[in-house]
Each structure stands twice: as C-alpha cells, then as structure tokens.
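For reference, the chains in residue letters:
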Amino acid sequence: MTCHGVTRLHLSSLKRAEKVPVHLMPCEIEHNGLAQVSQYFTATTKENKKEKTVSFRGRGLKGQEISCPQGYTGLVLKEVDRHGSDQEDRTVKVTSVFDKLTYWNLETPPTSDDTVVMAMDWPELAEAIHGTVED
Amino acid sequence: MAAKKKRTPNTHNDSWVVIAASAVETQKHDCDPDFVKLRNPSTLYMLGAGDVQLYEVKAFEEDFHSWFVGQTVQRDGKLLFVTQMDPLYLILPYMIKSGQEQGKFQPVDQVVKDDEFPASSRLLSCTRSLTSLHHIAEGKVGSLKFHRYSQERTLNWLQKKVERTIVALKKKHICVGEGVKSTTYVRVKTESDNQEDYLRYAHGLISEYISEELSKALLKHLLPELKSAKETEPPSKKRKLSDKPVEAGEDYTKFNSGDFARKPPKKMTAAQKTLAKVDKSGMKPMSSFFSPKTKAEKK
Amino acid sequence: MDLKQFEADNSGSCRLASRIPDVCRTEDCCLGVDEAGRGPVLGPMVYGICFCPVSKKEELKDLKVADSKTLNEAERENLFQKLDEAQSYVGWALQILSPNMISTSMLQRTKYNLNALSHDTAICLIQYALDSGVQLKEVYVDTVGPAEKYEKKLSQLFPGIQVTVRPKADSLFPVVSAASICAKVARDHVVKGWNFAEDLGEIDTDYGSGYPNDPKTKEWLLKYLDPVFGYPQFVRFSWSTAQTLMDSKAAPVHWDDDEEDGEKAAQQQNNRSMLSYFSASAEGDRAQPTHRFFSERRLKSLKSL
C-alpha cells in the first residue's frame, strides 16, 4: 500500500454479511480458505462450566468464549479484488460479523490474564483517552 | 517424529478480523468509512462515513495464531481494534507548529493543511474538531475562524484527559504499579497502587499521542513540585537494555521515588485536588465500582 | 461387555470393571496385567487386569485361556464369555485410553511418552483392585520397556506383593492371558463400533488391523486425510505414520513450542523489540517505545492493512 492510498470500507456489504462463529487458534495454520470447521472442530468441542476443550492436530486445547466489548461489533473484512486496476485506492468489504469469539490456549486453562482478554480492555481505555472533555 | 516444517511468510493476506466501534457501521449520506494515513505514519486511521468521526486502528498481534471464521481458515491471527480517536491530538501538532512559526491568529483550515498527507484536512470535518478547538487554542475575539495555539489551555485539556484515564484505569482494575510484569508472574490487582502510580501511568498513556516536549510540560503541570532537572530527566538508554523490564514509553515519566517529595505540598494544585478526589474511589471495595451510587465514572 | 460409558465420550479415558467376586476379598489372590492395541495408529489402547484367588489358578487354566496371541477374534469372544461365566471367582477391570488421549498426552508441551502412560495405567488398575478390597499377593505383568526395571518399580510401589514382570507374560501365566483376552475383546469392540464424533457422514470402516503396515489401514489414512484438521480423533496423531502423511499432504501448522519455530520466534521477537527502541519514525519524531499498557496486551499500532 502506498503511503497516501485510501482504503474504502464498503458498508453496503454489511447487509449480506452473515453472523459466524470465530475461533482464535493457538497455532499458525498455513492456509487461507475453506475448511470443515463445524464437522471436525465444533462437533468435537466439549464444554463444562469453566472451559471448553477440544483437540487440533492431536494437541489439547482449552478455551473460552469472550464477548465483544459493549458498543463494539466484530467484523471480518476482505479486500475486494482490484482486477489489475492501476488505481491506488483499495476497497474492503464486510464478509462476516460476530459478537463473541472463542479463543483457545494450548493446554493451559483460560484465565483473565490471557493476553487477548487483557487486550479487550483497550476500547474502554480508548474512550477515556479520546472521549470528549467537558469544559 | 517428522522434521518440523519451516514457516513460510504470509505475504498475500487479504482478510482481517476486526473489533470496531459500532458507530463505524453507520452510513451517512451514502458515504463509506475510509482507512487513511495521517501525519503519524506508524499508525493507520479511519475516518467514519462523512468524516464525522476519527478512529484509530490498533492490532492485537502475537506469534502463532490463526483464525477460524465460519467455515474458513484465516492464517493471519491479528485482531484489529478500531476505536474512536480524538481528532484534537492530530490537529495539535499543526497548531503548535503554526503558533511557533506565525505566532498570530490563523484560520484553522490554513493551519491544518498538509500536502504530504492530504487526508489531514478531512480532520476538520469531524464533528468534534471545531467544537472542541478551544481546548487547545484561543479564538480571535469576534471571529470564529481565527485561532492561536495556547499551551495553557492545552495543558488543562490534557490534564482532564489524564483524570478521565485514571478513572477508567481504576474502573477496569488495571494494575499500574511498577512491579515486575512478566507472563511468569501472576498479576496482582491490588487496591494499594498509589496515586502517583496512577498519574504516571495515565500520563504515559496520554503521552502516546503528544510530543515528548508537551509530555514533559504536562508532567510538570500535573506535578509542579518536581523542579529539578535531575528528577524529570529520562533515565539513560542503558536502563532499557538491562534485563530489568523497564516499561517503554515511561522513561520520561519515571523518576526516582526516593527523590520524589511525598510530603504534601503546601498548596494543592488543581490536578492534585482532582486526583485526591478521584482516588477516594480507589480506596473503596471492588464491589463499589459496580454499584451505581458510588460509581467513580464522571459523566 | 458393555462399552456405553466409553462410547458416550470416546475422547478421554474410561474404566470398565466386572463386579468384584466376594471370594477375592477374603482369599489371597493373583492378578495379571496386559495391554491390547499398543502399536496401531488407529483406535484406543486398552489396559486390562484379571484376578482370581491363588487357589483357583488351576481352574483358570482349565478355561484354556492360555496363549491369547494365537487366538482369533471369535475364539477370544468365546473365552471372554467363559471368563464372564466364572464371575464367582474371576474379576476383571479395563482402562480404555482413547486415541485422542494418547495423541494429546504424547504431544503435550511436557511430553508424556507411551511407556510412562502404560506404566501409570497399569499402576492405576492394580491400585483399583487393592482399593476394591482384592487380597492381592501375586501380580504378573507383561513388560513394557526393560522388565527388570519395571519389576523393581512395581515392587517398590506395592510392598508385600510378589511382582513378576516378564516379556510374553501372557503365554506364561494364565491370569495374564485372561487379562489380555479382556483387553483385546474390548479393543476389538471399540474399534469395530467406533462412534466418530466428527460430523463426516458415512465413514468407511474397512480400516484393516490399524497397524501402520497394513495396506488397508494405509489406504484408509490416505482417504480420510483432511488438509486442515488432519484426521478424526480415531487416529493417533502422535504416530509417525500419521505425522508423515500430514507433513506431505496437509497444511503446515506451527505451535509456539515447536522446536525450530519457537526458537526462531524468540529470536525475531528479540530483534523486533530492540529495533523498536531505536527506530525513529520517518518524520524524525522521538523514537516512541510503546507504553506497557499496550506491550502487555500485545497491542501495537497498525501501519497499513
């Protein structure tokens, strides 16, 4: 991306965006594209009061569901192919939405000290740092 | 066991998982939001539909993550946050520069003009920009259009930002003490974090958005009894490289606690008064934060 | 043999046991330990114990349980039937270790190898018999690893019990052979009736013996390889057969404790943090290291999409 190019977010795509389950995995999977997530992953996930368990590639995972902070929405954006256009500006569309996500740890039980849980502090802090100051 | 495969670089990422302020979704006059680059090139920003609101883009990024999104895999494991941003932070450097160069009242649309970052002028379209300009500038009497940077106003404005941030830190029970932070240590969320710690921490956060010079001035404004240069001088770079985890970004906010005058000053500054007021809520039990009666948050 | 309990959740470990014969609580008993399904890349490993009063050793022999290795499946079924009929003086217990449990144990951050898993399971079953009031005096075990070392370990754990660990113990001691039959019958049943937790529709159950060198097993492993998930939980991911197939045909997956990847990542992280201290931005702004609020939360500014 060039320094000054603008990337437009096509909001009209929101209407067609489906609500989907999203999982943050504790590994890097060298793949982009289709996968039988519900058949292999969701179908074998077990859940008790404290945590969810599942395995992936023979490794035990423990996870929990967290909600998007209040006033925030989960969006999955995808770049719209430029079809070889020489235009500098790019566009992205919303392909899916979510209001909660499940994150998975490799073997360790989920706690409030997990980095992604802590990262969810940011929106509220951002509101304090950036909200309007009264006179 | 089979040999481990080398990681190949993920070069052509074209999708992102984002948590965005819901207001981003509001369309205005058939306009769409734009991701743009502004004067701070290390950050990506977003201007909401019709440029009415500015947002900042941050990313949660840790090695070894990927996403399952519905029935797909997204290799890129970043989680993006699109949160509201006060446009004044970005207008401020232009005002300061103009104040130093011109020293006179200027039309603000002349001041916030940047050939290198043409999107900068769109900052003035943000609803809040013009209505809150008085926080950082004086207006020419009889004219709404001419402004001049005022450090005094800016410091008062930033002080309020620090106060708001302290309230949020307490509400979220964020540990601000200087204790060693490492994943191998359990974070202890104590109520005993003292008010200087909160002040320094919040000042450090606000300093992420202002120049180093202004950051120093703000610290002096918040704690005027810190007079000697020695106390406000940043610790040497060496300290950063030592294995002691010195928090980045706080180098200029840290001072030797031994040198720090803990005696109450004869006269409390405005900031200290607010701090003292705010801090009372920190002494209350955790549960009180959730009770509407004692809610510490200011509206 | 009622396997409902295991079949309800075939991703973990499950104990099945006969009623304890009254006579085993009053008379000195002998106990045999053996396992079934250690080698296959598919299905569970089953550990079995069988016990009876020392005085009934001959009667057990008369059931012709000896030399279980030479028996076919039908003969084993038949013998298990006979053992079950002898429940007035013969008891048994099984521990079924699911392939998922084997995979996740062996591939754990702190590796838990198959020998350790086997020993611990055997020990657990002997302890179960003791806890149930069986008057154990003699224990016979088919060895896993060096027999002498294993025998010493068990003797120390169970003082007062005569422990005998031998290779091929199932052909030497009828009570071990009986344990072996119980374990094998259970494994056969579990494999045959495997209830795939995955939602994969009709699955071809012609997977052969489950041993990696069986052509049918190989064919099945090729057919059911998923490019992202690898295999259903029926497969032991920790077996090199499965690993090799995934390495060549499935998407590479990297974990933070992968030896090579992990080391490199640590290095990169170091380099990155050093750089971030010194790199001033293009505009000549101060080199701004991130506040710890952000670094602790792995949050950073994003330069571009």
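Scroll up to find the structure this text is about.
Residues numbered from 1 in each chain as written. Chains lettered and ligands numbered in written order. Predicted model: local features only at pLDDT ≥ 70, side-chain atom pairs only at ≥ 80, totals over all residues. Heavy atoms only, no water.

Trainee: Sorry, what's going on with the sheet that holds strand 6 (residues 72-74) of chain B here?
Mentor: Here we have 8 strands laid out as an open sheet, ordered 5(A)-6(B)-5(B)-3(A)-11(A)-8(A)-7(A)-6(A), and mixed in their pairing. A single partner strand is all that each edge strand has here, and the edge strands are strand 5 (33-34) and strand 6 (46-47) of chain A. (Pairing = 2+ DSSP bridges. Helix = DSSP H or I, 4+ residues; strand = E, 2+ residues; numbered from the N terminus.)

Trainee: What is the right way to look at the packing of aromatic side chains in this model?
Mentor: Each pair of aromatic rings is reported with the distance of its centres and the angle of its planes. What the rule picks out here adds up to 24 aromatic pairs over all chains. Judged by centre distance (5.0 Å) and plane angle (75 degrees), the ring pair of Trp122(A) and Phe294(C) falls under edge-to-face. You can see Trp122(A) sitting in helix 3 (residues 122-130) and its partner Phe294(C) sitting in helix 13 (residues 292-296), one on each of two chains. Residue Trp122(A) is classed as buried on the basis of its relative accessible area, which comes to 0%. What makes Phe294(C) buried here is its relative accessible area of 0%. On the numbers, 5.4 Å between centres and 70 degrees between planes, the contact of Phe196(C) with Phe234(C) is edge-to-face. One end of the pair, Phe196(C), is in the loop between helix 9 (174-192) and helix 10 (215-223); the other, Phe234(C), is in the loop between helix 10 and helix 11 (240-249), with 38 residues separating them in the sequence. Here Phe196(C) and Phe234(C) have matching classes, each one buried. Here the aromatic cluster, defined as three or more aromatic residues joined through ring pairs, consists of Tyr40(A), Phe41(A), Phe56(A), Trp104(A), Phe68(B), Phe229(C) and Trp255(C). (Phe/Tyr/Trp six-rings, centres within 6.5 Å; stacked < 30°, edge-to-face > 60°. Buried < 20%, exposed > 50% of the residue type's maximum accessible area, 1.4 Å probe, protein only.)

Trainee: Which parts of the structure should I look at to understand the pairing of strand 4 (residues 91-97) of chain C?
Mentor: In regular strands, side chains alternate between the two faces of the sheet. All names here are of chain C. Judged by how many residues are buried, strand 4 sits mostly within the fold: 7 of 7 residues are covered. Every second residue of strand 4 is oriented toward a common face, with Gly91, Ala93, Gln95 and Leu97 on one face and Trp92, Leu94 and Ile96 on the other, all of them buried. In this sheet, strand 4 lies alongside strand 3 (residues 45-53) in antiparallel orientation, the contact comprising 7 bridges. Its bridge partner lying in strand 4, Phe51 is registered against Gly91.

Trainee: Help me understand the nonpolar core in this model?
Mentor: In globular proteins that are soluble, nonpolar side chains generally tend to be buried together. In this structure, Phe41(A), Phe56(A), Phe68(B) and Trp220(C) are the most contacted members of the largest nonpolar core, which totals 110 residues. Here this core gets 11 residues from one element, more than from any other, and that element is helix 9 of chain C. With 102 residues, the next largest nonpolar core counts Phe98(A), Phe81(B), Leu123(B) and Leu214(B) among its residues. (Core = buried A, V, L, I, M, F, W, Y, C linked by side-chain atoms within 4.5 Å.)

Trainee: What is the right way to read the pairing of strand 7 (residues 79-85) of chain B from this model?
Mentor: Residues and elements named next belong to chain B. With 7 of 7 residues buried, strand 7 lies mostly within the body of the structure. Examined bridge by bridge, strand 4 (residues 54-60) and strand 7 share 7 bridges and lie antiparallel to one another. Along strand 7, the bridge assignment pairs Phe60 with Leu79.

Trainee: Explain the sheet that holds strand 10 (residues 146-149) of chain B here, please?
Mentor: In a beta sheet, neighbouring strands are held together by backbone hydrogen bonds and run either parallel or antiparallel to one another. All names here are of chain B. Spatial ordering of the open sheet is given by 8-10-9, a layout of 3 strands whose pairing is antiparallel. In this open sheet, the two strands that pair with only one neighbour each are strand 8 (106-107) and strand 9 (137-139). Across 2 bridges, strand 8 lies against strand 10 in antiparallel orientation. Bridge pairing in strand 10 links Pro107 to Phe146.

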